[in-house]
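Now for the letters of each chain:
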Amino acid sequence: MLKLHDLYFKPFISEERIQNAIQKMVDAIVDDLGDEMPVFVGILNGSFMLVSDFVKKYPKPCEVTFIKLASYEGVKSTEDIQRLIGLTQDLTGRTVVILEDIIDSGNTLEEVHRIFENENVKQLLIATLFYKPEAYDKDFKLHYIGMEIPSKFIVGYGLDYNGLGRDLPEVYQLKTTQHMTNIVLFGPPGAGKGTQANFLKEKYDLVHISTGDVFRYNIKNETALGMLAKSYMDKGELVPDQVTIDMLNKEVEKNSDAKGFIFDGFPRTNAQAEALDRLMDSKDSQINAMVALEVDDEVLVQRLLERGKTSGRADDADESIIRNRIEEYYNKTAILKDYYSNQGKYFGVDGVGSIEDITERLSKVIDTL
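From a predicted model like this one, the values you see are computed outputs, not experimental measurements.

(A) The environment of Ser-256, seen in detail. Summarising the element assignment, Ser-256 is placed in the loop between α7 (241-254) and β13 (260-264). Residues Ser-256 and Tyr-232, spaced 24 residues apart in sequence, show a C-alpha to C-alpha distance of 29 Å.

(B) Structural view of the pattern of salt bridges. Per the stated rule, a full pass over the model turns up 19 salt bridges. For Glu-36, the salt bridge is made with Lys-122, and the minimal N-O distance between the two is 3.5 Å. Here the residue Glu-36 occupies a position in the loop between α1 (15-33) and β3 (39-44), and Lys-122 occupies one in the loop between α3 (107-116) and β7 (123-131), the gap between them amounting to 86 residues. The partly exposed category is assigned to Glu-36, whose relative accessible area is 24%. Note that Asp-160 is salt-bridged to Arg-166, the shortest N-O span being 3.0 Å.

(C) Fine view of the sheet that holds strand β12 (residues 207-210). Read from one edge of the open sheet, five strands run β12-β13-β11-β14-β15, paired in parallel fashion. Edge strands, defined here as strands with exactly one partner in the open sheet, are β12 and β15 (346-350). When the angles between neighbouring strand axes are averaged without regard to direction, this sheet yields 25°. Of the strand pairs in this sheet, β12 and β13 are connected by four bridges, and their pairing is parallel. Bridged to Val-207 within β13 is Phe-261. Lying over the sheet, helix α4 (residues 193-204) contacts β11 (181-186), β12, β13 and β14 (289-294), oriented at roughly 175° with respect to β13.

(D) Spotlight on the sheet that holds strand β10 (residues 171-174). With antiparallel pairing, the four strands of this open sheet are ordered in space as β1-β2-β10-β9. The strands lining the two open edges of the sheet, one partner per strand, are β1 (2-4) and β9 (154-155).

(E) Looking closely at the side chain of Asp-284. Considering the arrangement of structural elements, one finds Asp-284 in the loop between α8 (270-282) and β14. Given the relative accessible area of 5%, Asp-284 is considered buried. Apart from the residues within four sequence positions on either side, Asp-284 is in contact with Lys-10, Lys-152, Leu-174, Lys-175, Thr-176 and Thr-177.

(F) A look at the environment of Met-37. Among the secondary structure elements, Met-37 is positioned in the loop between α1 and β3. Accessibility expressed as a relative area gives 38% for Met-37, which makes it partly exposed. Along the sequence, Met-37 and Thr-95 sit 58 residues apart, while their C-alpha atoms lie 7.7 Å from each other. Excluding residues that lie within four positions of it along the chain, Met-37 makes contacts with Pro-61, Cys-62, Glu-63 and Arg-94.

Rules used in this analysis
- Residues numbered from 1 in each chain as written.
- Predicted model: local features only at pLDDT ≥ 70, side-chain atom pairs only at ≥ 80, totals over all residues.
- Heavy atoms only, no water.
- Helix = DSSP H or I, 4+ residues; strand = E, 2+ residues; numbered from the N terminus.
- Salt bridge = Lys/Arg side-chain N within 4 Å of Asp/Glu carboxyl O.
- Buried < 20%, exposed > 50% of the residue type's maximum accessible area, 1.4 Å probe, protein only.
- Pairing = 2+ DSSP bridges.
- Axes fitted to C-alpha atoms, helices over the stretch in contact; angles between N-to-C directions.
- Contact = heavy atoms within 4.5 Å.

Okay, here's the thing in structure tokens:
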């Protein structure tokens, strides 16, 4: 993820894809022009990287010049096109190829045509690395297109956001969901995970999504997903991961303006973790950390036995059941610990001490995300 000024951007187009697209444009122009010496005209500021890479790949003699136009304020293309640097050479009878980094609305292209209508050029060809067909509302022909992209704001490879980002060799796309803090919260039975989740959601204004609560809500209210899940449960079968993901998706969508989420009880397997990553990516977001409360087994056993005196839960009163639950937790968590550690997102936090002390330790982790 990339932050420029106040906005966040996600990786979109790799350097390799960009260079391949440029080569495709070079090959097409060489095929069309043969041995004719064209004049390549870059549109500054955005095209400086494109022009440099383009002419290095161009296998025949050519000339290069620039004009400078400006049509962007922040992340919006404006109607007002300013000509800041104009042409200084005679182009009469020459083939001119405009090298644009990006064409969206076509306003800049309109000004380009106006500039060249009195230059008596042999032909004016338009080549653009990036093209947003959804945004284009002009009738001018685009002769060479590197790649078509969605109508979303991008930075990198010559394109900027208020001055930043032009130097990046790859392209990033504006995140439609700005910075969120999304945590997978883990802890063995008796670690105080529920208590800490309540504190964290209040402190950081996060939405706590407990898989158990989500299942109970959907089944109780007989939603389509709830009835589907119940049909598997009634047969003693595991509910498919996709059903659970669809339920979580509904919860995320219900809280689309949230500053982030605490996922509790999901994922439990690598496949589920991958599915959750895909879900968050579809929301222009990501899981920032898996935070696991770490408590010694004997402390957990004593906590749960003590809780069993008042909770009324049979599984809190039987020590052998408690130990089995703890062992099951570690077997499942070990897999996910590796998954998130490989992404540099695993954080173990000491879960012994006062509630306030543990909250402070968790906060130190979250504050670094």
